[in-house]
Amino acid sequence: MTHTSVKTAGAALSAAALLLLAGATPSAHADTAPEPGNWLMLTVTHGDAPAAAEGGTLLRCDPPGGGHPHAEEACAQLSATDGRITALPAEDTLCPMIYAPVTAHAEGRWHDRQVTWTETFPNTCTLHARTGALFALDGT
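Residues numbered from 1 in each chain as written. Predicted model: local features only at pLDDT ≥ 70, side-chain atom pairs only at ≥ 80, totals over all residues. Heavy atoms only, no water.

K.L.:
Where do I start with the overall build of the protein chain in this structure?
P.N.:
Per the secondary structure count, the protein chain includes 4 helices and 5 strands. Traced from its N-terminal end to its C-terminal end, the protein chain shows the element sequence α-α-β-β-β-α-β-β-α. Of all 140 residues assigned to the protein chain, the portion counted as buried reaches 29%. Long-range contacts, defined as pairs at least 24 residues apart, comprise 57% of the intrachain contacts of the protein chain with a sequence gap of at least 6. Put simply, the protein chain shows about 8,800 Å² of open surface, and 61% of that area lies on carbon and sulfur atoms. (Helix = DSSP H or I, 4+ residues; strand = E, 2+ residues; numbered from the N terminus. Buried < 20%, exposed > 50% of the residue type's maximum accessible area, 1.4 Å probe, protein only. Contact = heavy atoms within 4.5 Å. Areas by Shrake-Rupley, 256 points an atom, 1.4 Å probe, with all protein chains shown as cover.)

Written out as structure tokens, the structure reads:
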């Protein structure tokens, strides 16, 4: 038994040493990872290519917040569709017929379900008419 616990302790010390050498601690990673619950990382890029994995705006819905300028409204809209972005009701808006494509991307969790969604719209007006407050990231 002593031999087994020495190996276990040695493995734990080795793992801790590797973490320290890598410049990471278990609590440091926990501080940067989003909490469990309803949250999405949202990005909007110009063109028809999705944004890089880094950056974006975090939307948390338990409670609403996370840096999104319209968090309460966006969370209410998502709650009404059980987190399904494709089911958000389109607004009755007249948009110009100017082709300036934007790609919206959402990735996160909704009620313990993985969410990954990407769609390209002909312009920002169409994006906002189709997704409501969810991708209104500029504060307007």
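K.L.:
Could you clarify how one ought to interpret the state of the cysteines in this entry?
P.N.:
One covalent bond between the sulfur atoms of two cysteine residues makes up a disulfide. As enumerated under the stated definition, the model contains 2 disulfides in all. Covalently, Cys61 is tied to Cys75 through a disulfide, its sulfur atoms 2.0 Å apart. Looking down the S-S bond of the Cys61 and Cys75 bridge, the torsion is -85°, so its handedness is left-handed. Taken together, the positions of Cys61 in strand E2 (residues 57-61) and Cys75 in helix H3 (residues 71-80) put the pair 14 residues apart, joining distant regions of the chain. With a relative accessible area of 10%, Cys61 lands in the buried category. Assessed through its relative accessible area of 5%, Cys75 is described here as buried. In this model Cys95 forms its disulfide with Cys125; the gap between the sulfur atoms is 2.1 Å. When the S-S torsion is -75°, as for the bridge of Cys95 with Cys125, the disulfide is left-handed. Of this pair, Cys95 sits in the loop between H3 and strand E4 (102-110) while Cys125 sits in helix H4 (residues 124-131); the two residues are 30 residues apart in sequence, bridging distant segments of the chain. (Disulfide = S-S within 2.5 Å.)

K.L.:
In this structure, what is going on with H3? I would like to understand it.
P.N.:
Side chains of residues three or four places apart in an α-helix project in the same direction, reflecting 3.6 residues per turn. For H3, the set of buried residues is Ala71, Ala74, Cys75 and Leu78. What you see down the axis of H3 is that its buried residues fit within an arc of 95°, all on one side. Opposite the buried face of H3, by more than 90 degrees, sit the exposed residues Glu72 and Ala80. Elements that come into contact with the buried residues of H3 comprise strand E1 (39-46), E2, strand E3 (64-65) and E4. Looking at the residues trailing H3, positive phi occurs at Asp82, about 55°. (Arc of directions from axis to C-beta.)

K.L.:
Help me understand the pairing of E2 in this model?
P.N.:
It is a general feature of regular strands that their side chains alternate between the two faces of the sheet. In terms of burial, E2 is a largely internal element, 4 of the 5 residues being buried. As defined by bridge partners, E2 adjoins E3 across 2 bridges and the pair is classed as antiparallel. In the strand pairing of E3, Cys61 is matched with Pro64. As consecutive antiparallel partners, E2 and E3 are separated by 2 residues. (Pairing = 2+ DSSP bridges.)

K.L.:
Looking at this structure, how should I read the environment of Pro122?
P.N.:
Checked against the element boundaries, Pro122 lands in the loop between strand E5 (113-121) and H4. Residues Pro122 and Met97, 25 residues apart in the sequence, show an inter-C-alpha distance of 8.3 Å.

Take it as geometry only, folks, not as evidence of what the structure does.
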